[in-house]
Structure formats: structure tokens, C-alpha cells
Amino acid sequence: MILYNLNHLRILESEAIYVIRETAAQFERPALLFSGGKDSIVMVHLARKAFFPAKIPFPLVHIDTGHNFPETIVFRDKLVNEIGAMLLVGSVQESIDTGRAAEEKGFNASRNILQTISLLDTIEKYKFDACLGGARRDEEKARAKERFFSHRDEFGQWDPKNQRPELWNLLNGKKHIGENFRVFPLSNWTEMDVWQYIAMEHLELPSIYFAHDRECVIRDGQILATSDFIALKPDEKPETMHVRYRTVGDMTCTGAVLSPASNVTDIINEIAASRTTERGTRSDDKRSETAMEDRKKQGYF
């Protein structure tokens, strides 16, 4: 049995739906960024509630690194087909092929940072003026600086010192030509809130969120799944581990956690006892003390 504060979750739900509706009302060409992870799945569910019985009035956008977990792509296509949404895909591989981005080299090479270029190109191609996403303030210190409506200049860059006040939840979407916004309806949610909401709403998730056997290696304290995208060091020996994922991203930088949690109840209990954040499993956040903030300033989500 899962215990959760129904009123608390419904307040968060109502707040998020309000932000989503305000986005649709204030912007001409909004989109919902969809990674196939739990937060973006919750976002899609909230968007469906916000406009029911009509369909979601804006497209889902996935920035595809080409190094995704297969389970996530299968789930993405299944969900889009079930709800009848429009899916637009921005390709990191295409950015590399056209010379817009350069592939990293070495054992720790990742395409995660290259998503920024593909995202900005996709925004420009479709003229999106607002992109909804599932980022939360509890995830990382840079994301804690965001507002619901987060302004980006004509180059897609973010200035953490130039954030607009949102007193009484009055959201200001005014902008100049070429500027756009990132919108974060789940800002005030925590990881625990997300999982309790998933339990309450009986949402389906990709299988990688639940414990399973996977061939992995341990690198710099991170448990990384072996794949064609990761070059193994001479001293690394893959072994089968019983793991699950707390967050979903590029396979090259998303670490797993050892876990027996095979259902949502187990995961909620595990999170309650955890003393590390979910992004503690992401090696891309550990490249420097300000890795996330630096990427966000350049246009990363």
C-alpha cells in the first residue's frame, strides 16, 4: 500500500496544469520536450488533463542523441501512437553529419552536450516560442534558479541573473522577436512527488525504471551499461548487475543504481531512504562544479 498526501499532489497537479494552460494561451507556437523519462511522461499526462477532451494542442519534441536506451524509444513511440500526438524529432547525428556539432573522442565521450545544438536548431526550424519541459528545482542547483517561465535570448541563452518575478503566479511571457521561453510546470515538485503521482495516476513507464539484469561496468563510481556507444578501458570487465535507473538520458553518461525495486511501491520506499539525488547518477553533471549551469547558459534545457 502506498501512502501519499492526496491534497498535496492535487495542488501540485493544479499548479502545473495552470502553467501549461498559460503557455498555450500566451505563446503562438509552444512545444513539449519529451525524453521518454518519468518527468516528461508526467508532463504529457498533465497536458492531456489540461486540454481534455481535446488532444494536446502542440507537438512533442524529442532531441535524439542516437545513443538512447532502446526501451525508452520503444515506449516513446508506443505512447505517441496511443494518445494521437504529433512527434517531432531533432537528431544529434544529423547535427554531426552536417558539421554543426563535433563528436567527442575518448573513453568518456558523450553526445549529451551536443543536444544543445540540435535543440536550438529544432527550435529555429519550427519557430517554437516556448518549450515545456519536466525539469524540477530539486534536481540540481542550477535548475533551482529557474522560474516557471524562463526567458531565453535570441541566441537561446539563459541569464540566471535576469529572471522575471512571478509574484502571485503571474507569468510574464512577453518577448522580443527571436526570443523564446523554456517553461517548467513541475518546478515545485520533488522526485518523491513525481513517483507518488505516478502511483496515484497509475502511469505506465519504460521498463528501465524497474530492477532488471543488465551488463554493466563501474567507471569513476558510476554504473554504466555496456553498449556499442561506450569504449571500454583495458581494465574494465563487464559483469551482470541487478540495477534500475532513476533518471533517463544518453546511455554514455547515465548511471544505474543497484536496486531490487521492481514496482512503484518499492521505488518510493527506496527513494525515501536514499541520501543521494537522482542526478547523482549522471556523469555529465560532474564534469565541473558548474557543468549544468554552463550548459544551460548555452541553451541546454
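Owing to the predicted nature of the structure, the values given are computational and were not obtained by experimental measurement.

### Digging into helix α5 (residues 115-126)
Right, so step 1: Across its 12 residues, α5 extends 16 Å between first and last C-alpha, which sits within 8% of the 16 Å expected from 1.5 Å per residue.
Right, so step 2: When we look at burial in α5, the residues that qualify are Gln115, Thr116, Ser118, Leu119, Thr122 and Ile123. Each buried residue of α5 sits inside an arc of 165° when the element is viewed along its axis, so together they form one side.
Right, so step 3: Directly beyond the C-terminal end of α5, a positive phi value near 60° is found at Lys127.

### Overview of the pairing of strand β5 (residues 149-152)
Right, so step 1: With burial as the criterion, each face of β5 is covered, one bearing Phe149 and His151 and the other bearing Ser150 and Arg152.
Right, so step 2: Here four bridges tie β5 to strand β6 (residues 180-183), and the two strands are oriented antiparallel to one another. Its bridge partner lying in β6, Ser150 is registered against Arg182.

### Side note on the packing of aromatic side chains
Right, so step 1: Scanning the entire structure with this criterion turns up eight aromatic pairs.
Right, so step 2: Arg137 extends its terminal NZ or CZ atom over the ring of Phe148, reaching a point 5.4 Å from the ring centre.

### Quick word on the pairing of β6
Right, so step 1: Of the two faces of β6, the one lined by Asn180 and Arg182 and the one lined by Phe181 and Val183 are each fully buried.
Right, so step 2: The pairing of strand β4 (residues 130-132) with β6 spans three bridges and is classified as parallel. Bridged to Leu132 within β6 is Val183.

### So, the sheet that holds β5
Right, so step 1: Judged by pairing direction, the sheet is mixed, and its six strands sit side by side in the order β3-β2-β1-β4-β6-β5 without closing on themselves. In this open sheet, the two strands that pair with only one neighbour each are β3 (87-91) and β5. Sheet twist, expressed as the mean angle between neighbouring strand axes with direction ignored, is 30°.
Right, so step 2: Sheet topology places strand β2 (residues 60-64) next to β3; five bridges connect them, and they run parallel. Its bridge partner being in β3, Leu60 is matched across the sheet by Leu87.
Right, so step 3: Contacting β1 (30-33), β4, β5 and β6, helix α1 (residues 6-26) runs over the sheet at an angle of about 40° to β5.
Right, so step 4: The sheet strands contacting helix α2 (residues 38-51) are β1, β2 and β4, and the helix crosses β1 at an angle near 140°.

### Looking at the sheet that holds strand β9 (residues 239-244)
Backbone hydrogen bonds hold the strands of a sheet together, and the pairing may be parallel or antiparallel.
Right, so step 1: The strand order β8-β7-β9-β10 describes an open sheet built from four strands, whose pairing is antiparallel. Edge positions in the sheet fall to β8 (222-225) and β10 (257-258), since each of these pairs with one other strand and no more.
Right, so step 2: Note: β9 against β10, two bridges, orientation antiparallel. Paired with Val243 across the two strands is Leu258, which belongs to β10.

### Here we look at α1
Right, so step 1: End to end, α1 covers 30 Å across 21 residues, agreeing with the expected 30 Å (1.5 Å per residue, within 8%).
Right, so step 2: Those residues of α1 that sit buried are Leu9, Leu12, Glu13, Glu15, Ala16, Ile17, Val19, Ile20 and Thr23.

What counts, and where the lines are drawn
Residues numbered from 1 in each chain as written. Predicted model: local features only at pLDDT ≥ 70, side-chain atom pairs only at ≥ 80, totals over all residues. Heavy atoms only, no water. Helix = DSSP H or I, 4+ residues; strand = E, 2+ residues; numbered from the N terminus. Expected span 1.5 Å × (residues − 1). Buried < 20%, exposed > 50% of the residue type's maximum accessible area, 1.4 Å probe, protein only. Arc of directions from axis to C-beta. Pairing = 2+ DSSP bridges. Phe/Tyr/Trp six-rings, centres within 6.5 Å; stacked < 30°, edge-to-face > 60°. Lys NZ or Arg CZ within 6 Å of the ring centre and 35° of its normal. Axes fitted to C-alpha atoms, helices over the stretch in contact; angles between N-to-C directions. Contact = heavy atoms within 4.5 Å.

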